[in-house]
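So the chains spell out like this:
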Amino acid sequence: PGGWTKADDSNADAFSVEIGYSLNTYLSVVGGYMASRDLGGSGFSCTTLPGLACPQVIADSEADVAAWDLALVPEVPIGDRMSAYAKLGAVRWVREASLGSASIDTQRKTDLRMALGIAVKLTGHLGIRVEGATFDDNRFYSLGLTWRF
C-alpha cells in the first residue's frame, strides 16, 4: 500500500521561548513553546500517490511544528560563571504537513524530552546557553540568551 511516511531528518529552523523558576541553587522547573517551519520539503516521503509525481510533491510541501514542554532542570556549577545542566520532562507536539493549501498529514504526540547544555553568566542577569535536545527521535541544537530576574 502507498502513503506518506515520516523521514528521519530535517533541516528546519525553529524558535523557542521558555520561562522557569529556580527551586534552589541546583534545581529549576521550566516550561516552553517551540515553533518550526520546514520549507522546501515536509520531511515526508511519498511511496505512492496516484496522479502526482512524488519528487514534485516533496519539493512543494511544507510542515509546521508546534510544541509545548515542561521539564525539571538540575544544574551543576562549573566555576563562578559557568554551569552544566540537563532537562528531563514531557513535550506535547503537533506537526501539520501541507501541499499548497491542502493539509496532507497531521501528527499529535506526547513524548519524553531530554536535553544537555552549558550555561554561561555574562552579567548578573544576562547569560547564554548552548543546548542539545531530543524528542520523538529528533535532535535539536540551540544557542540562546537568558535573563534572570
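Draft legend 1. Quick look at a nonpolar patch on the surface. On the surface, a cluster of nonpolar side chains totalling about 340 Å² of accessible area is made up of Y21, L23 and L72. Note that Y21 resides in strand β2 (residues 13–22). Given the relative accessible area of 58%, Y21 is considered exposed.

Draft legend 2. Broad picture of the pairing of strand β8 (residues 126–135). Here β8 shows a clear split, with G127, R129, E131, A133 and F135 buried on one side and none of L126, I128, V130, G132 and T134 buried on the other. In this sheet, β8 lies alongside strand β7 (residues 102–121) in antiparallel orientation, the contact comprising eight bridges. Paired with I118 across the two strands is V130, which belongs to β8. With antiparallel pairing between neighbouring strands as the criterion, β7 and β8 make up a hairpin whose turn holds four residues. As paired strands, β8 and strand β9 (residues 138–147) are joined by ten bridges and run antiparallel to one another.

Draft legend 3. Focus on the environment of S98. When you line up the elements, S98 lands in strand β6 (residues 82–99). On a C-alpha basis, the gap between S98 and D64 in space is 8.5 Å, while along the polypeptide they are 34 residues apart.

Draft legend 4. Main features of the environment of Y21. Measuring from C-alpha to C-alpha, the distance between Y21 and V73 comes to 9.8 Å, with 52 residues separating the pair along the chain. In this structure, Y21 is in contact with S28 and V29, ignoring residues within four places of it in sequence.

Draft legend 5. Here's a closer look at the environment of Y33. Structurally, the position occupied by Y33 is in strand β3 (residues 27–38). Y33 sits in the partly exposed class, given a relative accessible area of 26%. In this structure the C-alpha to C-alpha distance between Y33 and D69, which are 36 residues apart in sequence, comes to 6.5 Å. When residues no more than four places from it in sequence are discounted, the contact partners of Y33 are F15, S16, V17, A66, A67, W68 and D69.

Draft legend 6. Expanded view of the nonpolar core. With six residues, the main nonpolar core is built from M34, V65, A67, V91, W93 and F135. At the level of secondary structure, the elements contributing two or more residues to this core comprise β5 (61–78) and β6. When near neighbours in sequence (up to four residues on either side) are disregarded, W93 contacts A66, A67, Q107, R108, K109, D111, F135 and D136. Residues V30, A71, Y85 and A119 belong to the second largest nonpolar core, which totals five residues.

Rules used in this analysis
Residues numbered from 1 in each chain as written. Predicted model: local features only at pLDDT ≥ 70, side-chain atom pairs only at ≥ 80, totals over all residues. Heavy atoms only, no water. Patch = residues over 30% accessible without salt bridge, like charges linked within 9 Å, V, L, I, M, F, W, Y side chains within 5 Å. Areas by Shrake-Rupley, 256 points an atom, 1.4 Å probe, with all protein chains shown as cover. Salt bridge = Lys/Arg side-chain N within 4 Å of Asp/Glu carboxyl O. Helix = DSSP H or I, 4+ residues; strand = E, 2+ residues; numbered from the N terminus. Buried < 20%, exposed > 50% of the residue type's maximum accessible area, 1.4 Å probe, protein only. Pairing = 2+ DSSP bridges. Contact = heavy atoms within 4.5 Å. Core = buried A, V, L, I, M, F, W, Y, C linked by side-chain atoms within 4.5 Å.

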